[in-house]
Amino acid sequence: MEIAVTGANGFIAKNLIYNLIYNKKYNVHRITRKTSKKKIIEILKKSQIIYHFAGVNRPINKKSFKADNTGLTKLICDFLIKENLKKKIIFSSTIHVTKDDLHKRSKEKWKINVDPKYVESKKNCEKMLLDMSKKNDSKIFILRLPNIYGKWSKPNYNSVISTFCNKVANSKKITISDPGKTVNLLYIDDLIKVLKKLIINRQVKKFNIIKKFDNVKNITIKKIADIIHNFENRRNNFFTPEMSSSFNKKLYSTYISNLPKNKISYLLESHKDERGSFTEIIKTEKNGQFSYFTAKKGQIRGRHFHHSKVEKFLVLKGKAKFNLKDISDNKTINFKLDGSNPMIVESIPGYQHYIKNIGNEELIVLLWSNELFDVDNPDTFIDEKN
């Protein structure tokens, strides 16, 4: 199937293209500002589906709304009408396009939300596409989109999310003029699912307006800023943020995609002694922490017990003996662990445990604990009676 994508270097288009090009069923043709009119016509002729994303929403010159937003739409419509070509066109509009008279809205509201000339240009494009569908039976899908966020979104242009993520990731201050203002947000991957489904959509109607989307998040500007600042603070302290919320996971992916190169990696603090080393890797707010430790040949780590804490041990490299002893009756359980045969052993509350390197190479062990280490209440004790 031949598919054309206008605005191919833009945020939404780029994400769609890199979702389509790995499927051999689709041959994607990219249309950008540099594409000649002749080439555009060639692409329109052979494409069954046209994803029309080209346009600007914050141009330096307001005249660009007409040139960039309606100019290409007019070219597409005029050519398809002239050649009587029937196509499926998916057009990205905005949720701000409504039946209400634009001039009835207050200037202050527009200042906060979006430029009315941008909305007017999208509305004009919708009208051109509607008129064309009446003349050549093309199937039109108008997507009135809320704020879209995700990877490759431009800060200070596409969405407040990308702007905030970029500023925080680069240690810049966020300025919020209206903390209580709420926005509707749709994650780019959720939008891409909708766009891909439209390829096989058998909708009978010629003109379709889609303005309801699954997984739209309504949230205040201040809450967005707070969550992103929390990502930064948690990361600096080796914490992985809480990911039980789908929105938090999507927002974290967007934040990470805005990290400068010098912050993609970070050093861990390793505690070393004669036995080996111990290094904390990841801490979580509700699901404990991950660490790893090493033990030199013949060395023992542990010989303590916990009243409540539980740990999981996984030997990644080397050979070890793992010993558990019930402090109430001295009964023992032993395991032999080998990095070449992965097996997890869990500590049991009330059992003293230790791990000994019985191999000829350094022992490396991954450790998970169901709670964070608390210096004031470590729940770690030596069984001095035995």
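Let me sum up the structure you'll find in this document. Being a predicted model, the structure only gives us computed values, none of them experimental. (Residues numbered from 1 in each chain as written. Predicted model: local features only at pLDDT ≥ 70, side-chain atom pairs only at ≥ 80, totals over all residues. Heavy atoms only, no water.)

Structural notes on the nonpolar core
In this structure, Val5, Ile12, Tyr51, Leu143, Leu191, Leu195 and Tyr255 are the most contacted members of the largest nonpolar core, which totals 49 residues. Sequence-distant contacts of Val5, defined by excluding residues within four places in its chain, comprise Ala13, Leu16, Ile17, Val28, His29, Arg30, Ile31, Tyr51 and Phe53. Counting 20 residues, the second-largest nonpolar core is a separate cluster that includes Leu44, Ile50, Ile76 and Leu129. (Core = buried A, V, L, I, M, F, W, Y, C linked by side-chain atoms within 4.5 Å. Buried < 20%, exposed > 50% of the residue type's maximum accessible area, 1.4 Å probe, protein only. Contact = heavy atoms within 4.5 Å.)

A word on the sheet that holds strand β9 (residues 217-220)
Pairing within the open sheet is mixed, and its 3 strands lie in the order β6-β7-β9. Each having just a single partner strand, β6 (147-149) and β9 make up the two edges of the open sheet. Sheet twist, expressed as the mean angle between neighbouring strand axes with direction ignored, is 45°. Taken together, the 3 bridges between β6 and strand β7 (residues 182-187) define a ladder with parallel strand orientation. Each bridged residue has a counterpart across the sheet, and for Ile148 the counterpart in β7 is Leu186. (Pairing = 2+ DSSP bridges. Helix = DSSP H or I, 4+ residues; strand = E, 2+ residues; numbered from the N terminus. Axes fitted to C-alpha atoms, helices over the stretch in contact; angles between N-to-C directions.)

A short note on helix α6 (residues 160-169)
Counting buried positions over the 10 residues of α6 gives 8, a clear majority of the element. For α6, every residue scored as buried is listed here: Ile161, Ser162, Thr163, Phe164, Cys165, Asn166, Val168 and Ala169. Looking at where α6 begins, the residue whose side-chain oxygen comes 3.3 Å from the main-chain nitrogen of Ile161 is Ser159. Immediately downstream of α6, the backbone of Ser171 shows phi near 60°, a positive value. (Polar contact = N/O pair within 3.5 Å; in protein donor to acceptor, adjacent residues only side chain to side chain.)

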